[in-house]
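Close look at the chain arrangement
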Amino acid sequence: MECDKCGADAIHHAAYSGAHLCGEHLRLSVEKRVKRRVREDGLLDPDATPDDPDRWVIGLSGGKDSVALTQILDDVFGKDPRVEMLALTIHEGIEGYRDASVDACVELADDLSMRHELVSYEEEFDVRMDDVVEDDPENMAACAYCGVFRRDLLETYAAEFDADKLLTGHNLDDEAQTAMMNFLEGDVRQVAKHFDASLGPFDERAETDAFVPRAKPLRDVPEKEIALYCHVRDLPTHMAECPHAEEAYRGEIQSTIHALEENHPGARHSIMAGYEELSALAADAYRDGDGDGENPDLGECERCGSQTSRSVCRKCRLLESLEAV
């Protein structure tokens, strides 16, 4: 199998496009799509200057997606004085897993001379995921706890660093799964929130001070291609799966989409194309009357001050439950 671009040995066949690509042209293809997404989303504030740069916090876990994202963003913006980047790593307290990925984060940040911050559940919440899984007071999957704690720390530290954007390494497979889950759950309001939180171009989103807006520059690239990209570039990557990962429902959706893609190449792209268009329509329908995106039902958590629709936020309620064990 030869590369369509240069005739060298191909390492990947993208069935959705029919392309056969060698390592070098796979690399160029991935980077082209990420750069296009950066442009289309308007990631760089047009008013940013060296004196008042756009501040980006990148969620760097050490896995293939976040490593590829960090590397590509540094390639494009690392020397741009209009952008200030910081890599944020969260240690959940999973023995034999997170320590190795932290090493990959440190190595990459050192290679790029990028500011890198490490925070942990233990320091911030006095919990470790290994203990949470053992106690499990809410009888939930580990990912249900971890997702709440992780989101809280990402948002808290992005705000503390006065970030303008929070960037995460969600790929095409991740986003297609989330889209299908929201469809099947009939959660139109969540679809609307998704647009303003992370999907819509920045100049089309409702402005809000409730959280640091997110962006997902890898969301047009399939997971397999990101893994190959990291291999081609020999990036420091921790490829092991979390030992506590057990999201049963998402796993079913993942298997369904994988089967669709096998039989109908391009299914993931079609899901996302339709979802993004519908999310824009839903956002217009569900925003408040002023169109400013502020949710009048949101207030401050009585315990930690974070934004919540209840008197006590989900994170604090989970921590209370864990403390009672």
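On a predicted model such as this, the values are computed, not experimentally measured, just so you know. Every chain is numbered independently, its residues counted from 1 as its sequence is written. Predicted model: local features are reported for residues with pLDDT of at least 70 only, side-chain atom pairs are reported and counted for 80 or more only, and whole-chain, interface and lining totals are derived from all residues. Note that water and hydrogens are dropped before the side-chain values are worked out from all heavy atoms of the structure.

Here a strand is any run of E in DSSP of at least two residues, a helix any run of H or I of at least four, and the numbering for each starts at the N terminus. When you line up the elements, V106 lands in helix α3 (residues 98-112). Each C-alpha atom of the pair V106 and P236 lies 9.3 Å from the other, and the pair is 130 residues apart in sequence.

Salt bridge, as applied in this entry: a Lys or Arg side-chain nitrogen positioned within 4 Å of an Asp or Glu carboxyl oxygen. If you walk through the whole model with that rule in mind, you get 27 salt bridges. Salt-bridge contacts for E92 lead to R98; the nearest nitrogen and oxygen are separated by 2.6 Å. Note on accessibility: E92 and R98 belong to one class, buried. Note that E175 is salt-bridged to K216, the shortest N-O span being 3.2 Å. Here K216 lies in the loop between β7 (214-215) and α9 (223-232) and E175 lies in helix α7 (residues 172-184), a separation of 41 residues in the sequence. Here's how the labels work: a residue is buried when its accessible area is under 20% of the maximum for its type, exposed when over 50%, partly exposed in between, all with a 1.4 Å probe on protein chains only.

Before going further, it helps to examine the packing of aromatic side chains. For Phe, Tyr and Trp, rings pair up if their centres lie within 6.5 Å, where Trp contributes its six-membered ring, and each pair is then called stacked (planes under 30 degrees apart), edge-to-face (over 60) or tilted (otherwise). Counted by the stated rule, this structure contains 6 aromatic pairs. Note on F183 and Y275: the rings are 5.5 Å apart at their centroids and 90 degrees apart in plane angle, and the pair reads as edge-to-face. Placement of the pair is F183 in helix α7 and Y275 in helix α11 (residues 267-286), with a sequence separation of 92 residues. A residue is classified by how much of its surface remains accessible, and Y275, at 0% relative accessible area, is buried. Following the ring pairs from residue to residue traces out a cluster consisting of Y121, F125 and F149. By definition, being over a ring means that NZ of Lys or CZ of Arg is both within 6 Å of the ring centre and within 35 degrees of the ring normal. The ring of F202 has R205 lying over it, and the distance from NZ or CZ to the ring centre is 4.0 Å.

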